[in-house]
Amino acid sequence: MVPSASEIQQIFNRIAPVYDQFNDWLSLGQHRIWKRMTIAWSEVSPGDICLDLCCGSGDLTLLLAEEVGKTGQVFGVDFSVELLNQARQRPGKQEVITWVEGDALDLPFPDEYFDCATIGYGLRNVKDIPRCLSELHRVLKPGAKAAILDFHRPSNAIAREFQHWYLDHIVVPLAKANGLYNEYAYIFPSLDRFPIGKEQVELARAAGFAAATHYPIAQGIMGVLVVNKV
């Protein structure tokens, strides 16, 4: 059964206290490299007003804050109040960050407000991907870019087999040992439902983005969708 939006929200509220630790364990720290790549693809510049949608505990938000400097502003938006609480407590340039509890399908911002945007492991969890991309398109300024990092189903059979094995034998057992079996067991079915790269490109173009490119990384186990509003 596909979880509802409220059920997914509850999942992220429950995992909030261990979210950062699990990200490090489960990616062997590699998620930090992938997030730096995502920031680079967003083409953030000093003084920009930036959106980090589905910001979680704020990794990408804090990285954007480093780039915009004292004259910029970053909004970290998530529907999990517990993850936002974790984000508020982290060291970094909190003075340029505004944390917002909000819905990715109905963003509380005016049209053409942001110079760039990022999403890290969030697009896969929204209930309506086309609507999320349309909202993202609406709030970006003309010429702005967004970079969207998430899991991907690799086309290479060996990489795909490794992804299955890793989720089944590392991720889920580790979560189970920490009392979070149900919270992490949903990752694999959510990945099966998530559009692959070329499908993401088609959805982005249908949402109004003039240019969209999907970049497979980590042998296609991860990917970054880069979109441009013209």
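This structure is a prediction, so every number in the text was calculated from the model and none was measured.

Novice: Outline the layout of surface pockets, listing residues and values.
Specialist: Taken as a whole, the second largest pocket encloses approximately 320 Å³ of empty space. Lining the second largest pocket are 20 residues, with Cys54, Phe79, Ala104, Asn125 and Val126 positioned closest to its centre. Breaking the lining of the second largest pocket down by element, the ones donating at least two residues are helix H1 (5–15) and strand E2 (73–78). When grouped by side-chain class, the residues that make up the lining of the second largest pocket number twelve nonpolar, five polar and three charged.

Novice: So what's going on with the sheet that holds strand E6 (residues 211–217)? Which residues, and what values?
Specialist: Sheet architecture is open: seven strands sit in the order E3-E2-E1-E4-E5-E7-E6, paired in mixed fashion. Edge strands, defined here as strands with exactly one partner in the open sheet, are strand E3 (97–101) and E6. Strand-to-strand twist of the sheet, defined as the mean angle between neighbouring strand axes without regard to direction, takes the value 15°. As defined by bridge partners, strand E4 (residues 114–120) adjoins strand E5 (residues 140–151) across six bridges and the pair is classed as parallel. In the strand pairing of E5, Thr118 is matched with Ala147. Sheet strands touched by helix H10 (residues 197–206): E6 and strand E7 (222–228). Its angle to E6, the strand with the most contacts, is close to 160°.

Novice: Explain the packing of helix H3 (residues 31–42) against helix H4 (residues 59–68) to me, and be specific about the residues and the numbers.
Specialist: Across the interface, H3 lies against H4 with an axial gap of 10 Å and an inter-helix angle of 50°. As judged from the angle between their axes, H3 and H4 are oblique. Remark: the crossing between H3 and H4 carries right-handed chirality. The residues of H4 that touch H3, namely those facing His31, Lys35, Arg36, Thr38, Ile39 and Ser42, are Asp59, Leu60, Leu63, Leu64, Glu66 and Glu67.

Novice: Any chance you could break down the pattern of salt bridges for me, citing the residues and the numbers?
Specialist: In this structure the tally under the stated criterion is nine salt bridges. Across the salt bridge formed by Arg90 and Asp59, the nearest N and O atoms sit 2.6 Å from each other. Remark: Asp59 occurs in helix H4 and Arg90 occurs in the loop between helix H5 (81–88) and E3; sequence separation between them is 31 residues. Each of Lys35, Asp59 and Arg90 takes part in one network of salt bridges that share partners.

Criteria and cut-off values
Residue positions within a chain follow its written sequence, with the count starting from 1. With pLDDT at 70 or above as the cut-off, local features in this predicted model cover only qualifying residues; side-chain atom pairs require 80 or more to be listed or tallied, and sums for whole chains, interfaces and linings still use all residues. Only heavy atoms go into the side-chain values, all of them from the structure, while hydrogens and water stay out. Site definitions follow a grid-based scheme: protein atoms alone, a 1 Å grid, a 1.4 Å probe that fits but cannot get out for cavities, and for pockets an open set with protein on both sides within 12 Å along at least five of seven lines, plus lining residues having an atom within 4 Å of a point. Grid points are joined across faces, edges and corners, and a volume is the space filled by probe spheres set on the points. Helix numbers and strand numbers start at the N terminus; a helix is a DSSP run of H or I with at least 4 residues, a strand a run of E with at least 2. Each residue is assigned to one of three groups, with Ala, Val, Leu, Ile, Met, Phe, Trp, Tyr, Cys and Pro labelled nonpolar, Asp, Glu, Lys and Arg labelled charged, and all others, Gly among them, labelled polar. Any two strands between which DSSP finds at least two bridges are classified as paired. Axis definition: a line fitted to C-alpha atoms, limited for helices to the stretch in contact. Angles are taken between N-to-C directions and run from 0 to 180 degrees. Any two residues whose heavy atoms approach within 4.5 Å are treated as being in contact. Our angle categories are set so that under 35 degrees counts as roughly parallel, over 145 as roughly antiparallel, 65 to 115 as roughly perpendicular, and the remainder as oblique. For any helix crossing, the convention is left-handed if the near helix is rotated counterclockwise from the far helix by under a right angle, and right-handed if that rotation is clockwise. Each salt bridge in this description consists of a side-chain nitrogen of Lys or Arg and a carboxyl oxygen of Asp or Glu lying within 4 Å of one another.

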